[in-house]
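Tertiary structure, described
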Amino acid sequence: MQPIPTTERHLIYRGVSPSGLSRIPQGGGGGSQGVLPPEVQRTKAMLQGPLFHIQLVKDVSEEVLSGGSNGTGAGDAINDAKAQPNTTTSHPKPWNIEFRDIPDPSTTSVTARLLTRTTVESGSPHEFMTSLGYDYVTQYAQRGHKFYSENTTVFLYQMIPIPEQVIDLSSTTLDPTSPLPSQLHFPAPSSSSSSPNNATQGPSSDTAKTLHPLDPTSHYILQASIEALPETQNTTGNQELKNRAIAELLGLRDLLKDAGGGDGLTLGPGERLSLDTRVGARR
């Protein structure tokens, strides 16, 4: 597995209850006069359903690498270009709308949940999200390296908050998806192939802004995942596909656990409630 330098930008949006819910008839009373029409019942149930957090996600690896003041060496840019030969810095990657459902309680060996990803082909992703009734909350970056083994993606990364001070939200557009300032400095993801000079290289300009990992100890998060595309019309096939994905993840877990003479890495499922994406969900 060859490491691929990766930087992802994540914007978090929170679902907002639509106005006018109190105006929907409550029903009640005696006889048929107290029963709401079926279409009103469906609309009411939909509007009063749980609200979720949704993210806008964009791979900005090439934009960061080509920025100059990003703490990475030219070797990283070359490796990234080899890994993705069909992309160029003149054609930035699009934003994607990602929804992650509540983790499935039926599996205990791994974390399983529904994931949908929709590419925004054109227009303003931020305006689209606000028109759907979502409010912008904050944003952060995931920066590190990705590895690919069969169907599994291994992502070793740091969480890097992006403060509002480095984003120009003073204009009339107030668009948090605007490109980040060119002076912004991401900490370089460390790797065995990076030299100390590359790992500590910083921007030369006094106006540059430096971002810092959320964890002050600069520890990394290791995530192994498989995206299983279900056959929506075949329930049995869906379960078989999930079982194969779980088996492959457990095999990787055992492999990493035995690495280094038994002193390897221990992978486990995430805590279910901490991964709850509902608005106002209990932690």
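Note that the structure is a prediction, hence the values are computed from the model and not measured.

About the thresholds
Residues numbered from 1 in each chain as written. Predicted model: local features only at pLDDT ≥ 70, side-chain atom pairs only at ≥ 80, totals over all residues. Heavy atoms only, no water. pLDDT = per-residue confidence, 0-100. Helix = DSSP H or I, 4+ residues; strand = E, 2+ residues; numbered from the N terminus. Contact = heavy atoms within 4.5 Å. Phe/Tyr/Trp six-rings, centres within 6.5 Å; stacked < 30°, edge-to-face > 60°. Buried < 20%, exposed > 50% of the residue type's maximum accessible area, 1.4 Å probe, protein only.

With respect to the confidence of the model for the protein
Considering every residue of the protein, the mean pLDDT works out to 77; 72% of them sit at 70 or more. Within the protein, the element-level pLDDT minimum falls on helix 3 (residues 74-83), averaging 35, and the maximum on strand 2 (residues 53-59), averaging 96. Overall, residues 68-89 carries pLDDT values under 50, and its contacts beyond four positions in sequence, including any with other chains, amount to 38 contacts. A low-confidence stretch, residues 191-207 stays under pLDDT 50, and its non-local contacts, those more than four residues away or across chains, total 14 contacts.

Quick word on the packing of aromatic side chains
Under the definition given, this model contains three aromatic pairs. Aromatic pair Y13 and Y136: ring centres 5.7 Å apart, planes at 65°, arrangement edge-to-face. With Y13 in strand 1 (residues 4-15) and Y136 in strand 5 (residues 134-149), this pair connects stretches of sequence that are 123 residues apart. Look at Y13 and you get buried, because its relative accessible area is 0%. With a centroid separation of 5.2 Å and 80° between ring planes, the pair formed by F52 and F99 is classed as edge-to-face. In this pair, F52 sits in the loop between helix 1 (38-47) and strand 2 while F99 sits in strand 3 (residues 96-100), placing the two residues 47 residues apart along the sequence.

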